[in-house]
Amino acid sequence: MEQVNGDTLAAARKVIAVHINYPSRAAQRGRTPAQPSYFLKPSSSLSLSGSAVERPAGCELLGYEGEIALVIGKAARRVGLEDAWSHVAAVTASNDLGVYDLRWADKGSNLRSKGGDGFTPVGPALIPADAVDPSRLRIRTWHNGQLVQDDTTEDLLFPFARLVADLSQLLTLEEGDIILTGTPAGASVARPGDVLEVEVGTLDGSPTTGRLVTRVEEGTTPFADFGAGPKVDDVQREEAWGSREAAGLPAPASVLTPVLKAKLESVATATLSSQLRKRGLNNVSIDGLQATRPDRRVVGLARTLRYVPNREDLFKSHGGGFNAQKRAIDSVNEGEILVMEARGEKGTGTVGDILALRAQVRGAAAIITDGGVRDYAAVAGLEMPTYFANPHPAVLGRRHVPWDTDITIACGGTTVQPGDIIVADSDGILVIPPAIAGELVEDCIRQEQEEAFIFEMVKQGNSVDGLYPMNAEWQARYEDWKAGKSND
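Being a predicted model, the structure only gives us computed values, none of them experimental.

All right, on to the overall build of the chain then. Assigned secondary structure in the chain consists of 15 helices and 29 strands. Projected onto its principal axes, the C-alpha coordinates of the chain cover approximately 100 × 55 × 35 Å. Buried positions account for 48% of the 488 residues belonging to the chain. For the chain, restricting intrachain contacts to residue pairs at least 6 apart in sequence, the fraction spanning at least 24 positions comes to 77%. For the chain, the exposed area adds up to about 21,900 Å²; of that, 51% sits on carbon and sulfur atoms. When the 50 positive and 65 negative side-chain charges of the chain are each reduced to one mean point, those points stand 2 Å apart.

With that settled, consider the sheet that holds strand E4 (residues 52-55). Taken together, five strands build an open sheet; the order of strands is E4-E15-E14-E10-E11 and the sheet is mixed. Because the sheet does not close on itself, it has two edges, and the strands there are E4 and strand E11 (146-152). Mean inter-strand twist for the sheet, computed between neighbouring axes without regard to direction, equals 20°. Both strand E14 (residues 195-202) and strand E15 (residues 212-218) contribute to a ladder of four bridges, which runs antiparallel. Note that in E15 the partner of Leu196 across the bridge is Thr214.

Within this structure, the stated rule accounts for six aromatic pairs. Aromatic side chains Phe453 and Trp481 sit 5.2 Å apart centroid to centroid with 55° between the ring planes, which places their arrangement in the tilted category. Residue Phe453 is found in helix H14 (residues 437-459), and its partner Trp481 is found in helix H15 (residues 472-487); the two are separated by 28 residues along the sequence. No difference in accessibility class separates Phe453 from Trp481, as the two residues are buried. Note that Arg211 overlies the ring of Trp142, its terminal NZ or CZ placed 3.5 Å from the centroid. Directly above the aromatic system of Trp104 lies the positively charged group of Lys231, at a separation of 3.9 Å from the ring centroid.

This part is about a nonpolar patch on the surface. Taken together, the side chains of Val458, Val464 and Tyr468 define a hydrophobic patch exposed on the protein surface, amounting to about 290 Å² of accessible area. Mapped onto the elements of the fold, Val458 is located in helix H14.

Attention shifts here to unusual backbone geometry. The omega torsion across Ser206 and Pro207 is 0°, close enough to zero to call that bond cis. Mapped onto the elements of the fold, Pro207 is located in the loop between E14 and E15. Residue Arg78 is not a glycine yet carries a positive backbone phi of 55°. Residue position: Arg78 is located in the loop between strand E6 (66-72) and helix H3 (81-84). The phi angle at Asn144 is positive, at roughly 55°, despite the residue not being glycine.

Another aspect to go through is the pattern of salt bridges. Scanning the model with the defined rule gives 33 salt bridges in all. Linking Arg13 and Glu174 is a salt bridge whose minimum nitrogen-to-oxygen distance equals 2.8 Å. Linking Arg13 in the loop between helix H1 (6-11) and strand E1 (15-18) with Glu174 in the loop between helix H6 (160-168) and strand E12 (178-180), this pair joins segments that are 161 residues apart in sequence. Judged by its relative accessible area of 61%, Arg13 falls in the exposed class. In this structure, Arg399 engages Glu345 in a salt bridge whose closest nitrogen and oxygen atoms are separated by 2.6 Å. Of this pair, Arg399 sits in the loop between strand E24 (390-391) and strand E25 (400-405) while Glu345 sits in the loop between strand E19 (337-341) and strand E20 (349-351); the two residues are 54 residues apart in sequence, bridging distant segments of the chain. Connected through salt bridges with shared partners, the residues Arg25, Lys41, Glu65, Asp96 and Lys114 form a single ionic network.

Here we take up the sheet that holds E20. Ordered by their spatial adjacency, three strands build an open sheet running E20-E22-E24, and the pairing between neighbours is parallel. Each having just a single partner strand, E20 and E24 make up the two edges of the open sheet. Sheet topology note: the E20/strand E22 (residues 372-373) ladder contains two bridges and is parallel. Each bridged residue has a counterpart across the sheet, and for Gly349 the counterpart in E22 is Gly372.

Here we come to the nonpolar core. Counting 30 residues, the largest nonpolar core has Ile68, Leu70, Trp85, Phe160, Val164 and Leu173 as its most contacted members. Mapped onto this core, the elements with two or more residues apiece are E1, E6, strand E7 (88-95), strand E10 (137-143), H6 and E14. It is H6 that contributes the most residues to this core, five residues altogether. Listed in part, the 21 residues of the second largest apolar core include Ala324, Ala342, Val351 and Leu396.

Moving on: the environment of Ala185. Tracing the backbone through its elements, the reader meets Ala185 in the loop between E12 and strand E13 (188-190). Judged by relative accessible area, Ala185 falls into the partly exposed class, the value being 26%. Remark: the alpha-carbon pair of Ala185 and Glu65, spanning 120 residues in sequence, is separated by 8.9 Å. If we skip the residues at most four places from it in the chain, Ala185 touches Ser24, Arg25, Gln28, Val148 and Gln149.

Parameters and conventions
- Residues numbered from 1 in each chain as written.
- Predicted model: local features only at pLDDT ≥ 70, side-chain atom pairs only at ≥ 80, totals over all residues.
- Heavy atoms only, no water.
- Helix = DSSP H or I, 4+ residues; strand = E, 2+ residues; numbered from the N terminus.
- Buried < 20%, exposed > 50% of the residue type's maximum accessible area, 1.4 Å probe, protein only.
- Contact = heavy atoms within 4.5 Å.
- Areas by Shrake-Rupley, 256 points an atom, 1.4 Å probe, with all protein chains shown as cover.
- Lys, Arg positive; Asp, Glu negative; His and termini not counted.
- Charge placed at Lys NZ, Arg CZ, Asp CG, Glu CD.
- Pairing = 2+ DSSP bridges.
- Axes fitted to C-alpha atoms, helices over the stretch in contact; angles between N-to-C directions.
- Phe/Tyr/Trp six-rings, centres within 6.5 Å; stacked < 30°, edge-to-face > 60°.
- Lys NZ or Arg CZ within 6 Å of the ring centre and 35° of its normal.
- Patch = residues over 30% accessible without salt bridge, like charges linked within 9 Å, V, L, I, M, F, W, Y side chains within 5 Å.
- Salt bridge = Lys/Arg side-chain N within 4 Å of Asp/Glu carboxyl O.
- Core = buried A, V, L, I, M, F, W, Y, C linked by side-chain atoms within 4.5 Å.

Okay, structure coming up:
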């Protein structure tokens with residue numbers, strides 16, 4: 001196979017990169033674009049396998065992203081999808097390097113953060129485009145010998161031919177131009193002394209580009225003071241490393257602290273409902289559902305998933321691959337509750353045994369759907385409770401298109417927002433606005449103390465007249481009773 005050489009680099013007048021294209025990366029970033037978007041990298045950023053790249057002096061976050069590069073073989077202008085791939089001469093491996101320290105100054109253009117010399121190594125070999133199926137390629141990245149990215153092109157958000165056709169609608173892709181086609185999950189940060197390797201091949205292992213090798217060195221020349229200098233914060237650290245945990249950052253503080261969670265678990269759902277009603281919140285219950293585990297009580301933060309009514313063309317574009325349903329299941333975290341909007345549609349399933357098991361493995365506290373459940377016996381056998389409208393054997397495509405995640409939805413007659421506190425048991429399911437949860441549960445605890453006293457007084461033979469609710473005389477006796485309890 002032909003090797004990438006200086007002539008290859010010299011022929012590239014443009015280097016165009018796609019922002020997000022792999023479902024795994026979209027799930028990691030928490031956003032899935034409806035259309036591809038791009039940025040330019042200068043051709044001076046290109047380099048060969050075996051080259052070194054500088055982490056600029058004063059910078060902390062040199063990010064790497066293994067990608068498949070397309071090399072244009074003949075000019076493309078306003079080409080269609082059916083013809084687009086014929087304009088690609090070859091594919092090869094690439095590494096879309098960049099320093100997150102400079103994103104604050106040019107985020108969007110990425111010129112300074114991703115345009116540095118050597119920031120786009122490509123190679124080492126070119127695989128002829130007509131020798132491969134672009135939907136059956138594999139990309140792998142190693143960081144100091146450890147495999148950190150491993151994905152395929154089988155379920156890309158935007159297939160390669162679509163990228164070529166889309167770009168050609170506005171600009172001419174010229175012979176030698178290079179398109180970087182996006183990176184899968186697993187991209188992270190490299191330090192001086194590290195070695196990065198990227199390889200592209202077919203799913204059966206042959207042909208392959210061989211490994212594109214890049215060594216990271218520490219820059220020694222500081223930035224001049226007449227331009228934007230390096231600056232980072234924890235947001236950039238999290239994006240560069242891929243997660244707060246990988247960046248060594250503490251987990252974000254949750255409104256649902258262990259103490260608050262324990263208090264919410266200690267009070268009855270009916271008491272919570274009463275106190276919500278006192279605050280004018282009468283439409284905060286998810287109604288009409290049954291539970292696989294009515295013996296369980298769960299408290300957690302809501303994550304949301306929305307289904308829209310099935311339309312065949314939309315299911316074709318949104319129903320397959322790593323769709324919104326799978327993204328929601330695969331990103332739910334420990335203790336969270338996945339709430340699904342299925343419009344009360346009972347004529348199909350919204351979750352089955354495999355995805356429910358995946359949610360349980362990830363630590364989800366529960367799944368709530370106002371639609372049907374497939375594989376009911378298996379779902380009911382899980383430790384994790386599922387609240388649902390009815391069993392149904394049909395799959396999504398009969399009535400639903402999985403559409404979006406972590407948005408405001410409707411479920412069982414009420415509105416649920418991501419981050420709402422959900423309390424669910426055999427008495428019902430309540431949605432609690434997090435801003436009032438602390439004072440709400442304290443009032444619930446006080447109410448239940450009072451009701452414990454009233455219950456005891458009634459048990460002793462007292463009339464409920466003046467006792468339930470308590471008048472001033474009974475209130476005074478209650479205070480004495482409570483003081484006695486605290487001294488026990």
